[in-house]
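Spelled out, the chains give:
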Amino acid sequence: MQLKFKFLPQDDGHCGWYETLPPPPPSTPLKGDVKADWVVLGAGLSGLAAARRLAELHPNASIALVDARRVGFGASGRNSGFMVDLPHDLTKHDYTGDRSADLMQIRLNRAAIDYVRKIVKAHGIDCDWREQGKLHGAVEPRGEQALENFAKGLSALGEPYTVLDARKMKATTGTDFYRSGVHAPGCVLVQPAALVRGLGATLPENVRLYEDTVVREIVVGQPHTLTTDRGQIKTPRLILANNAYAAQFGQLGLKGLMLPIYTYGSLTRQLSPTELATLGGDESWGLIPADPMGTTVRRLASGRICIRNSFTYNPDVNASASTLERVHASHRRSYERRFPMLPGVEFEYTWGGALCLSRNGGAPFGEIAPAVYSAVGCNGLGLTRGTMGGMLIAEYASGIDSELLQILLRQPKPVANPPEPLLGIGVRSTLMWKEWQAGIEL
Ligand SMILES: Cc1cc2nc3c(=O)[nH]c(=O)nc-3n(C[C@H](O)[C@H](O)[C@H](O)COP(=O)(O)OP(=O)(O)OC[C@H]3O[C@@H](n4cnc5c(N)ncnc54)[C@H](O)[C@@H]3O)c2cc1C
């Protein structure tokens, strides 16, 4: 089977998380022909976790981890930095779903946080790691209703939370935009690009990281052959951790299951001490909108504000300049609604990043062709679900069983998509309708 990559990682705007870091040391692209016992394609959160776990399980094996760009440049370094421990179903108005499934998801998410926490501490990765939980904020009655349902869901799960009224929301965030909120303590906030860059820089010695190495074609066989611009890698076992870019492979069935959906972030310039005093509130917080189509906001201890909203369906896995312009304007409106006391604070960066969703939140986890394993489809929750998917695909492919693996294997498989053009029409109109419904939560 021959897999040709039509859609490759693009620039997708300027990511503030990545561009505010110091430049990375020079990369080591693949040159010439090599062999490896394992190849992991994609050095985002899923691929980094898969490669590390493989190295832990097989200390004498050679593992090649390949990415078209630098570590941290892709979606894994572009997210809002919420390591979410609780259920986070983007298709549900209150983020929660079936109780027993939610309890299992919490176990997986917390195991992922524990795994990353150990690495961050052991290697002293400087990624602004903050165990401060997340706020959910409501702006209007519909949002308040969703928060009530979310709180009820947490009570049913036995999870702690605190309800905040408008006054307490202002005391934390500095803005009187939110009518109420719920604080859930288990979420960790990070600087995502710094985290993934740190994970890449501290991989075990038997992992060879090839950055700036675009894979153009894969021939699935025995061995599998990955062709890049300057060489080939042959391997008996391949793990796909290329997330949304895997959704182009009809031959592996992924095209019919997964949806490449983009979401977008913007980062302001650094606020001056006077502006920070005018804003008030805590020096760092992270807020998830009561409506999943609303606006995520983070205030960073570095004195910047990060805004995230808008979803688009991008089967070509690319954020066009015109979409970025439209999103920038939407971010501007959302910023101005929340922070009228700080007019004229411009965004220095606006970017997009690819999510890989399925219609029912399932992931095509497992062996999808002989000795080809899939760790794609973390459904918008890369920091925990992506990490866990990567760790567990390494165990699965190594024939190692565990309780966590069994939990993951029991999760629903993705349901099939309708064919194009029905799919595109359906997804685009659903996104537009839901965005319109989100109203001022946006
Ligand atoms: C704006 C935004 C906000 C978000 N907020 C959050 C959040 O707060 N919390 C959370 O958990 N998640 C969040 N997400 C989702 C999260 O970022 C993704 O789920 C996560 O990055 C997926 O990780 P991954 O490793 O599976 O895939 P990716 O990070 O997409 O990694 C795939 C890698 O494959 C590489 N690749 C693709 N094709 C090729 C090729 N042909 N050759 C070589 N390499 C290739 C790419 O360069 C890329 O690095 C957000 C996403 C965005 C865009």
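Coordinates for the structure precede this section.
Below is a summary of the structure that appears in this document. Because the structure is predicted, anything quoted here is derived from the model rather than measured. (Residues numbered from 1 in each chain as written. Predicted model: local features only at pLDDT ≥ 70, side-chain atom pairs only at ≥ 80, totals over all residues. Heavy atoms only, no water.)

Attention now moves to the packing of helix α3 (residues 99-123) against helix α10 (residues 403-410). One can describe the packing of α3 onto α10 by two numbers: an axis separation of 10 Å at closest approach and a directional angle of 130 degrees. Considered as vectors, α3 and α10 are oriented oblique to each other. With respect to the hand of their crossing, α3 and α10 are arranged in left-handed fashion. Note on element contacts: α10 touches α3 through E403, L404, I407 and L408, opposite M104, R107, L108 and A111. Looking at the contact of α3 with α10 residue by residue, the class counts come to six nonpolar, no polar and two charged. (Axes fitted to C-alpha atoms, helices over the stretch in contact; angles between N-to-C directions. Helix = DSSP H or I, 4+ residues; strand = E, 2+ residues; numbered from the N terminus. Parallel < 35°, antiparallel > 145°, perpendicular 65-115°, else oblique. Left-handed = near helix turned anticlockwise from the far one by under 90°. Contact = heavy atoms within 4.5 Å. Nonpolar A, V, L, I, M, F, W, Y, C, P; charged D, E, K, R; others polar.)

Below, the discussion takes up the sheet that holds strand β16 (residues 285-289). Taken together, eight strands build an open sheet; the order of strands is β7-β8-β6-β16-β17-β18-β15-β19 and the sheet is mixed. Lying at the two open borders of the sheet, with one neighbouring strand each, are β7 (162-165) and β19 (347-357). Each strand of the sheet is rotated relative to its neighbour by a mean of 25 degrees, with strand direction disregarded. The pairing of strand β15 (residues 259-268) with β19 spans ten bridges and is classified as antiparallel. What sits directly across from T263, in β19, is G353. The strands touched by helix α5 (residues 166-173) within the sheet are β6 (134-138), β7, β8 (180-184) and β16, with β7 carrying the most contacts at an inclination of about 95 degrees. Relative to strand β18 (residues 305-313), helix α8 (residues 321-338) is tilted by about 135 degrees, and along the sheet it contacts β15, β17 (296-299), β18 and β19. (Pairing = 2+ DSSP bridges.)

Here the focus is the side chain of D12. Following the sequence through the fold, D12 ends up in the loop between β1 (2-4) and α1 (16-19). Among the polar contacts listed, one links the side chain of D12 to the backbone nitrogen of A319, at a separation of 2.8 Å. Once residues lying within four places of it in the same chain are set aside, the contact partners of D12 are R78, Y245, Y262, N318, A319, L324, W351 and G352. (Polar contact = N/O pair within 3.5 Å; in protein donor to acceptor, adjacent residues only side chain to side chain.)

The next subject is α8. With 18 residues, α8 ought to run about 26 Å at 1.5 Å a step, and its terminal C-alpha atoms sit 26 Å apart, in line with that. Within the span of α8, buried status applies to T323, L324, V327, S330, H331, R332, S334, Y335 and R338. Where α8 is buried, its residues contact β15, β17, β18 and β19. (Expected span 1.5 Å × (residues − 1). Buried < 20%, exposed > 50% of the residue type's maximum accessible area, 1.4 Å probe, protein only.)

In this section: the site of the ligand. For the ligand, the set of nearby residues contains 34 residues, the closest of which are S46, D67, S76, F82 and L383. At 3.0 Å, a backbone N or O of L45 approaches an oxygen atom of the ligand. The contact in question runs from an oxygen atom of the ligand to an N or O atom on the side chain of N79, over 3.3 Å. With the chains in place, 97% of the 1000 Å² that the ligand exposes on its own is no longer accessible. Put simply, the parts of the chain that give the shell around the ligand at least two residues each are α2 (45-57), β15, β19 and α9 (382-397). When the residues that make up the shell around the ligand are grouped by side-chain class, the tally is 17 nonpolar, 14 polar and three charged. (Near = heavy atom within 4 Å. Areas by Shrake-Rupley, 256 points an atom, 1.4 Å probe, with all protein chains shown as cover.)

A few words on α3. Think of an α-helix as turning once every 3.6 residues; residues three or four places apart then point the same way. Under the 1.5 Å per step criterion, the end-to-end length of α3 is 36 Å for 25 residues, consistent within 8% with the ideal 36 Å. Every buried residue of α3 is listed here: D102, Q105, I106, L108, N109, A111, A112, I113, Y115, V116, I119 and V120. G124, located one to two residues past α3, shows a positive phi value of around 60 degrees.

Take the sheet that holds strand β10 (residues 207-210) next. The pairing of strands in a sheet happens through backbone hydrogen bonds and is either parallel or antiparallel. The strand order β10-β4-β3-β14-β21-β20 describes an open sheet built from six strands, whose pairing is mixed. Only two strands of the sheet have a single neighbouring strand rather than two, namely β10 and β20 (366-369). With strand direction ignored, the average angle separating the axes of adjacent strands in the sheet is 25 degrees. Examined bridge by bridge, strand β3 (residues 38-41) and strand β14 (residues 238-240) share three bridges and lie parallel to one another. Directly across from V40, in β14, lies its bridge partner I239. Packed onto the sheet, α9 meets β3, β14, β20 and β21 (372-374) and runs at close to 150 degrees relative to β21.

Glancing now at the pairing of β20. Where a strand is regular, its side chains alternate between the two sheet faces. As paired elements, β20 and β21 share three bridges and run antiparallel to each other. Across the sheet, the residue bridging to E367 is Y373, located in β21. Linkage of β20 to β21, two consecutive antiparallel strands, is achieved through a turn of two residues, within which A371 is found at a positive phi near 60 degrees.

This part covers the environment of L147. Mapped onto the fold, L147 is located in helix α4 (residues 141-157). Residues L147 and A290, 143 residues apart in the sequence, show an inter-C-alpha distance of 5.9 Å.

Here we come to the state of the cysteines. All chains considered together, the criterion is met by zero disulfides. Unpaired in this structure, C15 has its nearest cysteine sulfur neighbour in C306, at a distance of 8.3 Å. Owing to a relative accessible area of 4%, C306 belongs among the buried residues under this scheme. (Disulfide = S-S within 2.5 Å.)

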